[in-house]
Amino acid sequence: MNTARQPYPKTPDIGEADRFLATTHEVFNQPSALENYNLFEQDTALQEAVHREGASAALNDLKAFGALAGAADTIALGFLANNNKLVLHTHDRFGHRIDDVEFHPAYHELMRMAFENGLHSSPWTNPGKGAHVARAAKYYMHSQIEAAHCCPVTMTFAAIPSIHKQPELAKGWEQRILANSYDPRNIPDSQKASVTIGMAMTEKQGGSDVRANSTKAFAVGTEGPGQAYELVGHKWFVSAPMCDAFLVLAQARGGLSCFLMPRWRPDGSKNAWQIQQLKSKIGNVANASSEVELRGALAWMVGEEGRGVPTIIEMVAMTRFDCMIGSSAGMRQALAQATHHCRHRSVFGDRLIDQPLMQNVLADLALESEAAMAYTMRVARAMDNQHIEQERLLARLATPVGKYWICKRTPNHAYEAMECIGGSGVMEDCIMPRLFRESPVNAIWEGSGNVQCLDTLRALQKEPETLDAFFKEAAEAKGADHRFDRFLAQLQNDFADTGDIQYRARNLVDRMALAMQGSLLIRHSDKAVADAFCASRLQDAGGMNYGNLPSGTDAAAIIKRATPVVG
Ligand SMILES: Cc1cc2nc3c(=O)[nH]c(=O)nc-3n(C[C@H](O)[C@H](O)[C@H](O)COP(=O)(O)OP(=O)(O)OC[C@H]3O[C@@H](n4cnc5c(N)ncnc54)[C@H](O)[C@@H]3O)c2cc1C
């Protein structure tokens, strides 16, 4: 008998054809990719927040940006920027020091998109009603595409208040920092119409405690603010080392001071700072983070000598706010992926999104996401209203509280959203592994969790009125929900006792964040969202994981509000 395989029999019956043409199965019950959708128009809570917090004028711009951010080609850039490893070139082939980092073109494309859309500049170039809110909404969408490259966007944005402390220095830089264009070339900044700014504070012996910095600043001539110095020492973490200049902390004779250090000297020679190596990170891989040595790098003092921390803290306050936007965005994208998947996937005969236990998980994830975004947008409005004392005080306290809470809530949220997708959620061709690996970063840099809690206490100690401002805002929701009223009263009461307050700081800050989020949702969100938030977060209902919303919650309504309708 001839057993040789006949791949193309002339007259096969149905069974034979299936066997020889290797038609193994039909692909079904798999969702389409979440792409070609409008990140703004498909986000009800975001649209409401933009109106509420004063940025209605930006509506058309945000709609257009939402479409761009959701386009398949834009989403693909995020994958490309992450899948291609960065390469550090310390020298050119002739042996000259170049300190160049090679990125995939997709990274530059994302940077171009961010800078051309003014994510680093708009509240400074067009201040006024809703400016920070509109920028935050745009950043929130942009960061959902790819979060890592947002680091230099944020630092460039955040540098402005610190550089302003030295007006004559700012004059030479400000216009180019605020230009809505992106120039990645490794050439002297004097040849560029737009520049990016980084920051270099952390050293090996101390990051949170920068007073331990050992990098020294030697005056070239006259000492003092605005004067030229040469910096000698090292920095243990310098992200986005291709920035055109950096705000650096170093010890001058009068103490720790802030300096502006360009990549290149004004005479066109390379400044004496050298990248030792790139960090190998769990996430945030599209962004280069490096270790650097300064070997007499030319820099100019910004702000008063010995007042380096108060000078650079202006920048840090802004970067902390962006951590809140970035982590809220990470949660929103994770939620969008989870709800989209469950809407298109059936298990045991029903769509996942209709199954009670999955509804409990998805609705819980949606609460967390909306609460984070609502809090962030409220702080954005406070930043727009810094001329109003109540708003200034609110922003001062709400920033460390929100940075701590929102960033810290993100990793578990990403993990749970990943699990909603099942096995495919763990695969690298899904965005979920990237969101998960990115999720711890915002909590750790720009002042880690405990440091935010301690900063909250510092604000209370220095300006006790900040607590009144915070509670005044939270109390706006009083009388609408007895669980909220009780929660707020207990929290206020607990501030009366300042014994071992450092030890208890996390507990207090957790509850401050929850009180503010509850207040915002009660006043402004859907009734189902507010009710579920109070039931699950403001009273002890037991259960630590997502999916613990009590019976009677209108989970379907919460999920519907949160689900992008695509495909
Ligand atoms: C990906 C990445 C990129 C970075 N990029 C930059 C950059 O561009 N520029 C830059 O300057 N830095 C950068 N950093 C550094 C970052 O800001 C620091 O890692 C961070 O500030 C913490 O400092 P540390 O690592 O020295 O930890 P430590 O200061 O040793 O802190 C360790 C832990 O102790 C806690 N802690 C500190 N003080 C107290 C206290 N008094 N009580 C209780 N707990 C406390 C902290 O919250 C933290 O959890 C980057 C970090 C990462 C991860």
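Bear in mind the structure is a predicted one, so any value in this text is a computation, not a measurement.

Analysis parameters
The residue count restarts for each chain, going from 1 along the sequence in the order it is written. Reporting in this predicted model follows two pLDDT cut-offs: at least 70 for local features of residues, and 80 or more for side-chain atom pairs to be given and counted; totals over whole chains, interfaces and linings ignore these cut-offs and use all residues. Side-chain calculation: all heavy atoms of the structure are included, whereas hydrogens and water are not. To qualify as a helix, a DSSP run of H or I must reach at least 4 residues; to qualify as a strand, a run of E must reach at least 2; elements of each kind are numbered from the N terminus. Both definitions apply: the radius of gyration is a C-alpha atom measure, and the globule rule equals 2.2 Å times residues to the power 0.38. We call a residue buried when its accessible area falls under 20% of the maximum for its residue type, exposed when it is over 50%, and partly exposed in between, using a 1.4 Å probe and counting protein chains only. What makes two residues a contact is simply this: any of their non-hydrogen atoms within 4.5 Å. Surface accessibility follows the Shrake-Rupley procedure with a 1.4 Å probe radius. Residue values consider only the protein chains on display as shielding. Ring pairs shown here join Phe, Tyr and Trp side chains whose ring centres sit within 6.5 Å, with only the six-membered ring taken for Trp; geometry is labelled stacked below 30 degrees between planes, edge-to-face above 60, and tilted in between. Axes here mean lines fitted to C-alpha atoms, for a helix over just the part in contact, with angles spanning 0 to 180 degrees between N-to-C directions. We call two directions roughly parallel when the angle between them is under 35 degrees, roughly antiparallel when it is over 145, roughly perpendicular when it lies between 65 and 115, and oblique otherwise. Here a crossing is taken to be left-handed if its near helix is turned anticlockwise relative to the far helix by less than a right angle, and right-handed if that turn runs clockwise. Polar here means any residue other than Ala, Val, Leu, Ile, Met, Phe, Trp, Tyr, Cys and Pro, which are nonpolar, and Asp, Glu, Lys and Arg, which are charged; Gly is therefore polar. Any residue with a non-hydrogen atom lying within 4 Å of a molecule or strand is treated as near it. Polar contact criterion, stated in full: a pair of N or O atoms within 3.5 Å, where within protein one must be able to donate a hydrogen and the other to accept it, and residues adjacent in sequence count only if both atoms are side-chain atoms. Helix span, expected: 1.5 Å multiplied by one less than the number of residues in the helix. The term bend refers to the angle at a residue between two fitted axes, each drawn through seven residues, those ending there and those starting there. The rule for a salt bridge is simple: a side-chain nitrogen of Lys or Arg has to be within 4 Å of a carboxyl oxygen of Asp or Glu. The predictor attaches a confidence to each residue, called pLDDT, with possible values from 0 through 100. By nonpolar core is meant a set of buried Ala, Val, Leu, Ile, Met, Phe, Trp, Tyr and Cys residues that side-chain atoms within 4.5 Å join together. In this description, the term disulfide denotes a pair of cysteine sulfurs within 2.5 Å.

Q: Even after reading the chapter, I still don't get the overall build of the protein, so can you show me in this structure?
A: From N to C terminus, the protein includes 20 helices and eleven strands. Against the compact-globule benchmark of 24 Å for 567 residues, the protein has a radius of gyration of 26 Å, which places it among compact chains. For the protein, with 567 residues in total, the buried portion stands at 56%. Long-range contacts, defined as pairs at least 24 residues apart, comprise 73% of the intrachain contacts of the protein with a sequence gap of at least 6. With an accessible surface of roughly 24,300 Å², the protein has 52% of that area assigned to carbon and sulfur atoms.

Q: Before we go on, may I ask you to explain the packing of aromatic side chains in this structure?
A: Think of a pair of aromatic rings as described by two things: how far the centres are apart, and how the planes are tilted against each other in angle. Using the criterion set out here, one finds eight aromatic pairs in the structure. For the ring pair Phe115 and Tyr182, a centre distance of 5.8 Å and an interplane angle of 20° mean the geometry is stacked. Of this pair, Phe115 sits in helix H5 (residues 105-116) while Tyr182 sits in the loop between helix H9 (167-178) and strand S3 (197-200), and the two are 67 residues apart along the sequence. Judged by its relative accessible area of 1%, Phe115 falls in the buried class. The exposure class assigned to Tyr182 is buried, which follows from its relative accessible area of 17%. Between the aromatic rings of Trp124 and Phe157, the centroid separation amounts to 5.1 Å while the plane-to-plane angle is 20°, which identifies the pairing as stacked. With a gap of 33 residues between them, Trp124 in helix H6 (residues 122-125) and Phe157 in helix H8 (residues 150-163) connect regions that are remote in the sequence. Here Trp124 falls in the partly exposed class, since its relative accessible area comes to 23%.

Q: I keep staring at the packing of helix H10 (residues 308-344) against helix H11 (residues 356-384) and nothing clicks. Help me out?
A: The axes of two packed helices give the description: the angle between them and the distance between them. Between H10 and H11, the shortest axis-to-axis distance is 9 Å and the interhelical angle comes to 155°. Here H10 lies roughly antiparallel to H11, going by the angle between them. In the packing of H10 onto H11, the handedness of the crossing is left-handed. Along the lines of polarity and charge, the residues of the contact of H10 with H11 split into 18 nonpolar, four polar and two charged.

Q: How should I be thinking about the site of the ligand in this particular structure?
A: In the neighbourhood of the ligand, 19 residues make up the surrounding shell, with Met201, Thr202, Gly207, Ser208 and Ser239 lying closest. Within the backbone of Met199, a nitrogen or oxygen atom sits 2.9 Å from a nitrogen atom of the ligand. At a separation of 2.7 Å, a nitrogen atom of the ligand approaches a polar side-chain atom of Thr202. Taken by itself the ligand offers 980 Å² of open surface, and the protein chains cover 66% of this.

Q: Looking at this model, I keep getting lost on helix H12 (residues 389-421). Mind explaining?
A: For the α-helix, the turn length of 3.6 residues means that residues three or four positions removed from each other point alike. Over its 33 residues, H12 extends 46 Å from the first C-alpha to the last, a length consistent with the 48 Å expected when each residue adds 1.5 Å. At Ala398, H12 shows its maximal kink, close to 30°; a proline, Pro400, follows between one and four residues later.

Q: Just to check I follow, could you spell out the pattern of salt bridges for this structure?
A: A full pass over the atoms with the stated rule returns 39 salt bridges. With a shortest N-O distance of 3.4 Å, Arg52 and Glu53 are connected by a salt bridge. Exposure remark for Arg52: the relative accessible area of 23% places this residue in the partly exposed category. On the accessibility criterion, Glu53 (2% relative accessible area) is buried. Between Arg381 and Glu53 there is a salt bridge, with its nearest N and O atoms 2.4 Å apart.

Q: Got a minute to help me understand the confidence of the model for the protein in this structure?
A: Do not read the fine detail of predicted coordinates wherever pLDDT is low. For the protein, per-residue confidence averages 95 on the pLDDT scale, and residues scoring 70 or more make up 96% of the total. In the predicted structure, residues 1-9 sits below a pLDDT of 50 and forms five contacts with residues beyond four places in sequence or in another chain.

Q: For this particular structure, what's the right way to read the side chain of Asn38?
A: Assignment of secondary structure puts Asn38 in the loop between helix H1 (14-20) and helix H2 (44-52). When its relative accessible area of 11% is taken as the criterion, Asn38 is described as buried. Within the structure, the side chain of Asn38 is placed 3.0 Å from the backbone nitrogen of Glu41, a separation counted as a polar contact. Non-local contacts of Asn38, meaning those with residues more than four positions away in its chain, are made with Lys63, Gly66 and Ala67.

Q: Please explain unusual backbone geometry as it appears in this structure.
A: The phi angle of most residues is negative, glycine excepted, and most peptide bonds adopt the trans form. Residue Asp99 is not a glycine yet carries a positive backbone phi of 50°. Positionally, Asp99 belongs in strand S2 (residues 97-102). By relative accessible area, Asp99 is classed as buried at 0%.

Q: Explain the environment of Tyr140 here, please?
A: Checked against the element boundaries, Tyr140 lands in helix H7 (residues 131-145). C-alpha of Tyr140 to C-alpha of Gln227: the two residues are 87 residues apart in sequence and 38 Å apart in space. If near-sequence neighbours (up to four positions away) are discounted, Tyr140 is found in contact with Asp43, Leu46, Ile325, Ser328, Ala329, Arg332, Ser369 and Met373.

Q: I'm lost on the nonpolar core in this one. Help?
A: As a rule of thumb, nonpolar side chains are buried together in soluble globular proteins. Among the nonpolar cores identified, the biggest contains 178 residues, and Leu46, Leu231, Leu247, Phe259, Met261, Tyr375 and Phe470 are the most heavily contacted of them. Looking at this core, the element that brings in the most residues is H11, giving 17 residues. What Leu247 contacts, discounting residues up to four positions off in sequence, is Ala159, Ser162, Ile163, Gly198, Met199, Ala200, Cys258, Phe259, Leu260, Val302, Ile312 and Met315.

Q: What should I look at first to understand the side chain of Thr456 in this one?
A: Here Thr456 lies in helix H15 (residues 449-462). Setting aside anything within four residues of it in sequence, one finds Thr456 in contact with Leu397, Pro400, Val401, Val509 and Met512.

Q: It is not clear to me how the packing of H10 against H12 should be interpreted in this structure. Could you clarify?
A: Relative to each other, H10 and H12 sit at 20°, their axes nearing to 8 Å. Comparing their axes, H12 and H10 come out roughly parallel. Like other packed secondary-structure pairs, H10 and H12 cross with a definite hand, here left-handed. Split by residue class, the contact of H10 with H12 holds 16 nonpolar, eight polar and three charged.

Q: Before we go on, may I ask you to explain the state of the cysteines in this structure?
A: What makes a disulfide is a covalent bond joining the sulfur atoms belonging to two cysteines. Across all of its chains, the model carries zero disulfides by this definition. Cys453 carries a free sulfur, and the closest cysteine sulfur to it, the one in Cys407, is 12 Å from it.

Q: Even after reading the chapter, I still don't get helix H4 (residues 72-83), so can you show me in this structure?
A: Here H4 spans 17 Å end to end across twelve residues, near enough to the 16 Å set by a 1.5 Å rise per residue. For H4, every residue scored as buried is listed here: Ala72, Thr74, Ile75, Leu77, Gly78, Phe79, Ala81 and Asn82. For H4, the secondary structure elements touched by its buried residues are helix H3 (59-70), H5, H7 and helix H13 (432-438).

Q: It is not clear to me how the environment of Phe246 should be interpreted in this structure. Could you clarify?
A: Residue position: Phe246 is located in strand S6 (residues 245-252). Considering only alpha carbons, one finds Phe246 and Glu463, 217 residues apart in sequence, at a separation of 31 Å. With sequence-adjacent residues up to four places away left out, Phe246 is seen in contact with Gly198, Met199, Val238, Ser239, Ala240, Pro241, Phe259, Leu260, Met261, Arg263 and Trp273.

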